[in-house]
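Per-entry structural report
Spelled out from the first residue to the last, the chains are:
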Amino acid sequence: MLPCVLWFQSLFVLLSSISLSRGENCPASCLCPDPHTVDCSGRGLTRLPEAIPLDVRRLLLSDNWIPRIPADFLVLYSDLVYLDLRNNSLSRIEPGTLSTSSRLVFLDLGSNNLTEIPKGTFGESRSLIKLRLGNNPHLSMVNEDAFLGLTSLRELELERNALSGLQVGALSKLPSLRVVRLEGNPWVCNCNFANLFAWLMANRHKLPNGVEGMECSLPTDGRRVALSQLSQDSFRECQVTLTLTDFLIIIFSGISVSVAAIMASFFLASTVHCFQRWSKGVKGDEEENEE
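Residues numbered from 1 in each chain as written. Predicted model: local features only at pLDDT ≥ 70, side-chain atom pairs only at ≥ 80, totals over all residues. Heavy atoms only, no water.

Here the focus is a nonpolar patch on the surface. The grouping of Leu 54, Val 75 and Leu 76 at the surface amounts to a nonpolar patch, some 300 Å² of accessible area in total. By the element assignment, Leu 54 lies in the loop between strand E1 (37-39) and strand E2 (58-60). (Patch = residues over 30% accessible without salt bridge, like charges linked within 9 Å, V, L, I, M, F, W, Y side chains within 5 Å. Areas by Shrake-Rupley, 256 points an atom, 1.4 Å probe, with all protein chains shown as cover. Salt bridge = Lys/Arg side-chain N within 4 Å of Asp/Glu carboxyl O. Helix = DSSP H or I, 4+ residues; strand = E, 2+ residues; numbered from the N terminus.)

Set out below in structure tokens:
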């Protein structure tokens, strides 16, 4: 009987020590359900919590009031693979903030106050597989090189933002992209949208619902039109095509410019030659007068 009692006492001490160590390493007001997870969701935080364990792998910070992330925040957290910052007050991400997160696989920046995604925002986060940027009502600009280097990214969410246009290069530079969400944006059906429309038609299999539900407004009267009702012919005015007359005008203009340049050169050379002869004549007359 005694050995059993001693075994249970040892087990209790071991569990107590593990529990205490977790409690000591866990930031105040947060939960740490396992040694590598810190859950600070819905805690009313106005800044990042202090004393986050350096070996954290999953950091949950959603549903708070965090306005910014220090540029050096992730330097020490090299093991971080999952970062949830959904529904906070982030207005921008400092360049280089995420470039040190070489193991980051999941990043949620949805439902914030982001206004733009500039070049270099994500650095060389080659391990990133899923990126959520949806539901940012003020996000109106995504740089063409914003996702450069995200070679493993498979899922990209940009739905329900304030995007009126998006350069195709931002998407075509993602070789592993499998799913992209773009619905709910105030797209404008102008010539800048023509290339994106062509990309959407060619990659509709990457859209969860195809182009159904996606709309754009006409630049003339602002009327909303479903993308499913458009075709490449809808943007034919944006395609620059040269007719035979255009080619003849270009050729004639080139010839005219060349002839004018030759005539101007000939006139200039003749003028210089005459001036030189006149100068020599004047000099000769002066010498004769001196003699």
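Once that is clear, we can look at the sheet that holds strand E12 (residues 224-226). Within the open sheet, the three strands sit side by side as E10-E11-E12. Their pairing is mixed. Of all the strands in the sheet, just strand E10 (187-188) and E12 have a single pairing partner and so form its edges. Note: strand E11 (residues 215-217) against E12, three bridges, orientation antiparallel. Along E12, the bridge assignment pairs Ser 217 with Arg 224. (Pairing = 2+ DSSP bridges.)

Strand order in this open sheet of seven strands is E1-E2-E3-E4-E6-E8-E9, and the pairing throughout is parallel. At either margin of the open sheet sits one strand with a lone partner, and together these are E1 and strand E9 (179-181). Across the sheet, the mean angle from the axis of one strand to that of its neighbour is 5°, orientation sign disregarded. Two strands pair when backbone bridges link them, and strand E4 (residues 106-108) and strand E6 (residues 130-132) are joined in this way by three bridges, in the parallel orientation. The residue bridging Phe 106 from the neighbouring strand is Lys 130, located in E6. (Axes fitted to C-alpha atoms, helices over the stretch in contact; angles between N-to-C directions.)

Right, let's get into the packing of aromatic side chains. Evaluated as defined, the whole model comprises six aromatic pairs. Arranged with centres 5.4 Å apart and planes meeting at 45°, the rings of Phe 73 and Tyr 77 form a pair that is tilted. With centroids separated by 5.2 Å and ring planes inclined at 40°, the aromatic side chains of Phe 197 and Phe 235 adopt a geometry described as tilted. Highlighted residues: Phe 197 in helix H3 (residues 191-202) and Phe 235 in the loop between E12 and helix H4 (244-290), separated in sequence by 38 residues. The same class applies to Phe 197 and to Phe 235, which are both buried. By the ring-pair criterion, three or more aromatic residues cluster together here, those being Trp 187, Phe 193, Phe 197 and Phe 235. The ring of Tyr 82 carries Arg 58 above its face, with NZ or CZ at 4.7 Å from the centroid. (Phe/Tyr/Trp six-rings, centres within 6.5 Å; stacked < 30°, edge-to-face > 60°. Buried < 20%, exposed > 50% of the residue type's maximum accessible area, 1.4 Å probe, protein only. Lys NZ or Arg CZ within 6 Å of the ring centre and 35° of its normal.)

Time to look at the nonpolar core. Counting residues in each nonpolar core, the largest one holds 63 residues, and the members touching the most others are Phe 122, Leu 131, Leu 133, Phe 147 and Leu 156. Elements with a minimum of two residues in this core: helix H2 (169-172) and H3. Sorting elements by how many residues they give to this core places H3 first, with six residues. Setting aside residues up to four positions removed in sequence, Leu 156 forms contacts with Leu 131, Leu 133, Phe 147, Leu 171, Leu 174, Leu 177, Val 179, Val 180 and Arg 181. (Core = buried A, V, L, I, M, F, W, Y, C linked by side-chain atoms within 4.5 Å. Contact = heavy atoms within 4.5 Å.)

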